[in-house]
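Structural characterization, general
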Amino acid sequence: PEDLPGVRERHPNHPHLGTFYLPETQMLASLGALFSPAYGFLTLYYMSCAGLILLIRSGLGPAKRSLFLMGLASPLLVLVLSGRHADLQGLLLISAVLVPLSKRWAGQWEILGAGVLAGMLPGLKPEGALWLAFFSVIVLYRWLWLRLRPAPILVWGCGVAVVLTAQSVFALRVMFAPPEAFASFLETARFFSDWFTGYNPILALRLELYAGADRPALLRAYRFEVALVAVLYALLFPLLYGGKAISPRTTLAHLLLAGASLLLFSRGVWHPWYFLFGLPALWLAGGRASVLWILGGLPLFYVPVVFLRQSGEWNFLSVFAGFSLYSAAFFFFRFWLTNNRKSTSL
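As a starting point, this report considers the structure included with it. This one's a predicted model, so the numbers in the text were calculated from it and none came from an experiment.

**So, the nonpolar core**
- One finds L88, V97, W131, F135, W156 and L276 to be the most contacted residues of the largest nonpolar core, which totals 65 residues.
- Ranked by residue count, the leading element in this core is helix α6 (residues 86-101), at 11 residues.

Okay, here's the thing in structure tokens:
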């Protein structure tokens, strides 16, 4: 905002610009405000996260349950939870839907419940629409391949339709009821899209090299390049398998990863919680070591906040330095453990 004189003198949260939070978050905030304007959303947010955690835990076996609970202790997830970001709800919803869809024989009530949960995803972040499409194709494939009756795609569709209808009605009757509300929504999205940058090393370097360049134009060129890389990955990922057969589910996971990466990396700001929507796709595509590396490194994005609180300066270079040292240590110990296991087995 300091780059925009018309905004700098105003309140830092820009009350003159309409919000661009999506319906699921807005519904939770509106419901919470009915009983407590100050603490209602906070209460419902934590209740929803706790409920999803219990639901996921109940559907996992003992081994996966222990792994899941260990993952919840990640410093990143604790920091994101304290910030009450919708991306954590998205990660938990994705995990909750994956539990029944990973079973070969899921019951009709499980499929219906999974459809309800999946229908919430587009109301949190744009990446949620990609996940809903991915899950719907999985359910459709299961119906066509296993020829189950009643058709799980119909049960799934009922759950999704109920939630999407509720979100649409809320958006039309509450969010966009005033005549200027939708135009304000689009203007806010354009404002953030054209001007907000941070935690993005590629853009940070370009803004330093081209200080006099028009920032919106620079961002548009950058997004075109990200889109080109995502399309190339979607076309060329089979090369990673060296000609081996790839299952339809793995193919879908890679296409999902390409789409989620496009939405994430095309943003001017790479907040650490933005990565949460893409991590399950990376896991399903076979990049489990990469997921562990990212989960361990993302808390370093909060290091500049420490410098900001102490000195009042935003030391963004500390992220690069910390991430470089962390990555070297991570891959060294991974290499050491791999060789140690081989030598032990011999």
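**Considering the packing of aromatic side chains**
- Here the structure, examined in full by the defined rule, presents 25 aromatic pairs.
- An angle of 85° between the planes, with centres 5.6 Å apart, marks the rings of W131 and F134 as edge-to-face. With W131 and F134 both in helix α8 (residues 127-146), this residue pair falls three residues apart, about one helical turn. For the pair shown, W131 and F134 are each scored as buried.
- Here the aromatic rings of F265 and F275 are separated by 6.1 Å at their centres, their planes lie at 80°, and the arrangement is edge-to-face. Within this pair, whereas F265 is found in helix α13 (residues 248-265), its partner F275 is found in the loop between α13 and α14 (279-284), the two being separated by 10 residues in sequence.
- The structure contains a cluster of three or more aromatic residues connected by ring pairs, namely Y199, F265, W270, F275, W293, F301, F323, Y326, F330 and F331.
- Between R267 and the ring centre of Y274, over which it is positioned, the NZ or CZ distance is 4.5 Å.

**Topic: the environment of A166**
- Residue placement: A166 occurs in helix α9 (residues 152-175).
- Through-space distance from the C-alpha of A166 to that of M120 is 9.9 Å; in sequence the pair is 46 residues apart.

**Some words on a nonpolar patch on the surface**
- Residues F224, L228, V231, L232, L235, L236 and L239 make up a contiguous nonpolar surface patch of roughly 750 Å² in combined accessible area.
- Within the secondary structure layout, L228 lies in helix α12 (residues 215-236).
- Residue L228 is classed as partly exposed on the basis of its relative accessible area, which comes to 45%.

**A short note on α6**
- Helix length check: α6, at 16 residues, gives a terminal C-alpha distance of 23 Å against a target of 22 Å (1.5 Å per residue), a fit within 8%.
- Buried residues dominate α6, accounting for 15 of its 16 residues.

Thresholds applied
- Residues numbered from 1 in each chain as written.
- Predicted model: local features only at pLDDT ≥ 70, side-chain atom pairs only at ≥ 80, totals over all residues.
- Heavy atoms only, no water.
- Core = buried A, V, L, I, M, F, W, Y, C linked by side-chain atoms within 4.5 Å.
- Buried < 20%, exposed > 50% of the residue type's maximum accessible area, 1.4 Å probe, protein only.
- Helix = DSSP H or I, 4+ residues; strand = E, 2+ residues; numbered from the N terminus.
- Phe/Tyr/Trp six-rings, centres within 6.5 Å; stacked < 30°, edge-to-face > 60°.
- Lys NZ or Arg CZ within 6 Å of the ring centre and 35° of its normal.
- Patch = residues over 30% accessible without salt bridge, like charges linked within 9 Å, V, L, I, M, F, W, Y side chains within 5 Å.
- Areas by Shrake-Rupley, 256 points an atom, 1.4 Å probe, with all protein chains shown as cover.
- Salt bridge = Lys/Arg side-chain N within 4 Å of Asp/Glu carboxyl O.
- Expected span 1.5 Å × (residues − 1).

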